[in-house]
Number of protein chains: 2
Amino acid sequence: MKGREALLLQYLHETNCLYKVGDDGVAINKNIYALDSFMENTHFKHGWLKLKDLAFKALSVNVSDIYAMGATPKYALLALSIPQNFSAKNIKELAIGIADACNFYKIKLIGGDTISSSLLGFHFTLIAEQNNILVQRKGLNIGDILCFSGTLGSSYSTLQQCLHGFMPTYCKRHEVFFARRIGSMLIPHISKHITMGMDISDGLSVELTRLSKINHVGFKFLRKLSKQELISGEEYQALIAVAPKNLKKVLLIAQKNRQQLHPFAQVIHGRYKGIGKEWHK
Amino acid sequence: MKGREALLLQYLHETNCLYKVGDDGVAINKNIYALDSFMENTHFKHGWLKLKDLAFKALSVNVSDIYAMGATPKYALLALSIPQNFSAKNIKELAIGIADACNFYKIKLIGGDTISSSLLGFHFTLIAEQNNILVQRKGLNIGDILCFSGTLGSSYSTLQQCLHGFMPTYCKRHEVFFARRIGSMLIPHISKHITMGMDISDGLSVELTRLSKINHVGFKFLRKLSKQELISGEEYQALIAVAPKNLKKVLLIAQKNRQQLHPFAQVIHGRYKGIGKEWHK
C-alpha cells in the first residue's frame, strides 16, 4: 500500500479541492498559514519531555514552518487532545508551556478546541502576515549555493538514545532546542537575497530529494556530510539557496544574527536521490 | 475538579497569551477563523456514519461557526488522525467525503497534516473573509426578539437511538443533516438586521445561559419549548436576536431563503440559568 498521506493527497488532487499545497506553509491574501500535528507515540513518547517542554516544542515545529517562508508568526489556533487521566496539575503545566511558547514567539492564541483522548496531541494552526518577499521551495537556479544553518545530527542521536530508554532531558540536542535556537528564524532576515528557503524537518537528505523533484535539478556536494547529518530529522535548521554573488552578503547577515550558516552543495543539472526515511509517506 | 477546558482557559487567561477568544470564531484583520475538533468516541462512535458522511459532518460543524458570524468560509486546513488499520479503500472514502464537503461549501483545502492514531479524528481550521457586518454573541438589547431556525430536538433523539445501538443511517436527524441544511447559513443574509447571531452547537438552553452571562440579560419565553428542543445539541441551527421593528423584515428574508425562523423569546432584565449539559466544561 502506498503511504497514507500520499494516497489521501492523490485522491484529493483528483477531486480538485486542493489549492497551493506543497510548501511548509501556504500564502493566501497576504497571510501565511501552517499546520503541523505533534502527537504522543507518533512524534514523542510519554515521559520523554516535561509537559511544558512538549507544548513548547509543539508550537516550535509550526513556528519553524512560518519562518521558513520568510514570515513572522502572529496568531495561533490549537486543537488539544488531553488524556483522560490528566490532573489539574498536569493541565496547569500544559497551559504554562503553551503560554510560555506563545509569549516567547510573540504569538497570540485566538481560538481552539480541547477534547478528551487516550493520547496527548497538539494541532496548532499558525497565522502569519506575509513579508514583502515570500520564500518558497521552488526557485533554484543552476550554480546556486546550498547552505544549512547551525549543526545537524544531534536530533538523530538524541532520538536513538530516547528509543533505547535514556531520558533525553539532559541530552545536548534538547539543551540546544530549549535554548530556543530555531535556525529557520534566520530566513526572514535574508529573504531578499536567497532563491529558495525551507526548514529541515525530515532530514537534510529527504529535503534535498524533494527539492530535486520540485526544481528538476541535482546537487554537487562541496563538503562531505556524515550519514547522521544527512538523515537527522526535527532539526528545524534553515536550508537555503543563494546565487554565488550574494553568498558573502548572506553569510554576513547570518553572522550578525549569531547564526552559523554552512555552504555545502551547489545546484547542477541532473537529479538527486538521497537516503533516509520519507516520514510523510 | 473544574472542567478541563475551563481550567486550561483560566490558566491561559492568567498568562496574557489569549486574544479575542469567546465567539464561534475569531475576527482578525478582515479574516475570520474557527477550529472545532470532531473525534471518534468523543463526537461519534465507529460505525455510526459512513466515512464520507463523517468527513462531511466534520467540515460542517466548522462551517456552521463561520456562518454564525455572518461570514462565508473560503479555505481550510485539516489535521487528520487516521486509524492504523485503515485500508486504501477507507482512505479513498475519507478523501471523497472531504472533497465532497469542500466542494459543496466552496472551500479550498490549503494545507494540513496526517498522523496515524488509534482513533479517527478531524481537526479543521477554517478561514473566511469577513463581510461588512461582523455578527457576534454580544449585542443583545432589552426588548430584542430571539429566534431559532429550522427545527430543534431531532439530533437529541437520534443520539439516544445511536447510544442504544440503533444505527442512525436512516434516522430523520441525519436525513435532515445530509440534506445539507445548516440553519446558520441564513445568518450572512440577515446580518445587517440582527443584534446577535450564533449557531446552536451545544443545545438551545446551554447557549441561552451563555448569552445571559455575556450580555447580562434574561429571557422571557414567548412559547413553550419541549425539554428535547431545549437540550438537543449539534443542531447547527441559527440563534439570532432582532429588534422588534426589524422582525418582519428578517422573517421575510428567511422565507426567501427557504429557512424557517421561529421567534420564541424576548430579552428582559435579569438572568437566565438553563438546563442541559455544559459540554465544553
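It should be emphasised that the depicted structure is a prediction, and the values quoted were computed from it without experimental measurement.

Caption draft 1: Representation of helix α7 (residues 204–215) of chain B. All names here are of chain B. If you check α7, its first and last C-alpha atoms are 16 Å apart, about what 12 residues at 1.5 Å a residue would give, namely 16 Å. Judged by how many residues are buried, α7 sits mostly within the fold: 10 of 12 residues are covered. Among the residues of α7, those classed as buried are L204, S205, V206, E207, L208, T209, R210, L211, S212 and N215. Here the buried face of α7 lies against β6 (145–149), β7 (196–199), β8 (218–221), α8 (227–231), β9 (238–242) and β10 (261–268). Just past α7, the residue H216 takes up positive phi, approximately 55°.

Caption draft 2: Up close: the pattern of salt bridges. Enumeration according to the criterion identifies six salt bridges over all chains in this entry. For R210 of chain A, the salt bridge goes to D202 of chain A, with nearest N and O atoms at 2.9 Å. According to the relative accessible area criterion, D202 of chain A is buried, its value standing at 9%. Residue E207 of chain B is joined to R210 of chain B by a salt bridge in which the shortest nitrogen-to-oxygen separation is 2.9 Å. Of this pair, E207 of chain B and R210 of chain B both sit in helix α7, three residues apart, which is roughly one turn of the helix. The exposure class assigned to E207 of chain B is buried, which follows from its relative accessible area of 1%.

Caption draft 3: Up close: the packing of aromatic side chains. Residues and elements named next belong to chain A. For the structure shown, the criterion picks out 19 aromatic pairs over all chains. Seen in terms of ring centroids, F38 and F122 are 6.3 Å apart; in terms of plane orientation they differ by 45°. Their pairing is tilted. Highlighted residues: F38 in strand β2 (residues 31–39) and F122 in strand β5 (residues 121–129), separated in sequence by 84 residues. There is no split in this pair, since F38 and F122 are both buried. Through successive ring pairs, a cluster of aromatic residues spans F148, F219, F221, F264 and Y272.

Caption draft 4: Here's a closer look at the interface of chain B and chain A. Taken together, the contacts link 60 residues of chain B with 60 residues of chain A. Taking both partners together, chain B and chain A bury about 5,100 Å²; carbon and sulfur atoms supply 65% of that area. Taken together, the links from chain B to chain A amount to zero salt bridges. Listing elements by their share of the side of chain B that touches chain A, those giving two or more residues are α1 (4–15), β1 (26–28), β2 (31–39), β3 (72–83), α3 (88–104), β4 (108–117) and β5 (121–129) of chain B. Per-element tally for the side of chain B that touches chain A: the top contributor is β4 of chain B, with nine residues. Looking at side-chain class alone, the side of chain B that touches chain A contains 34 nonpolar, 19 polar and seven charged residues.

Caption draft 5: A look at the pairing of strand β9 (residues 238–242) of chain A. Residues and elements named next belong to chain A. Buried residues dominate β9, accounting for five of its five residues. With burial as the criterion, each face of β9 is covered, one bearing A238, I240 and V242 and the other bearing L239 and A241. In this sheet, β9 lies alongside strand β6 (residues 145–149) in antiparallel orientation, the contact comprising four bridges. Its bridge partner lying in β9, L146 is registered against A241. Here strand β7 (residues 196–199) pairs with β9 via four bridges, running antiparallel. Note on β9: the bridge partner recorded for M196 is A241.

Caption draft 6: Representation of the side chain of D144 of chain A in the model. Residue and element names in this part refer to chain A. Residue placement: D144 occurs in the loop between β5 and β6. A polar contact of 2.6 Å, which involves the side chain of D144, links it to the side chain of T195. Beyond its immediate stretch of four places on either side in the chain, D144 contacts G139, T195, A241, V242, A243, P244, A265, Q266 and V267.

Caption draft 7: Seen up close, the relation of the copies chain B and chain A. The transformation that overlays chain B on chain A combines an axial shift of 0.0 Å with a rotation of 180°, and the residual RMSD is 0.0 Å. Taken together, these values place the two copies in the relation of a two-fold axis. Of the residues that chain B buries at the interface, 100% are likewise interface residues in chain A, meaning the two copies contact each other through the same surface.

Rules used throughout
Residues numbered from 1 in each chain as written. Chains lettered and ligands numbered in written order. Predicted model: local features only at pLDDT ≥ 70, side-chain atom pairs only at ≥ 80, totals over all residues. Heavy atoms only, no water. Helix = DSSP H or I, 4+ residues; strand = E, 2+ residues; numbered from the N terminus. Expected span 1.5 Å × (residues − 1). Buried < 20%, exposed > 50% of the residue type's maximum accessible area, 1.4 Å probe, protein only. Contact = heavy atoms within 4.5 Å. Salt bridge = Lys/Arg side-chain N within 4 Å of Asp/Glu carboxyl O. Phe/Tyr/Trp six-rings, centres within 6.5 Å; stacked < 30°, edge-to-face > 60°. Buried area = accessible area lost by both parts, 1.4 Å probe. Nonpolar A, V, L, I, M, F, W, Y, C, P; charged D, E, K, R; others polar. Pairing = 2+ DSSP bridges. Polar contact = N/O pair within 3.5 Å; in protein donor to acceptor, adjacent residues only side chain to side chain. Least-squares fit on C-alpha atoms with pLDDT ≥ 70 in both.

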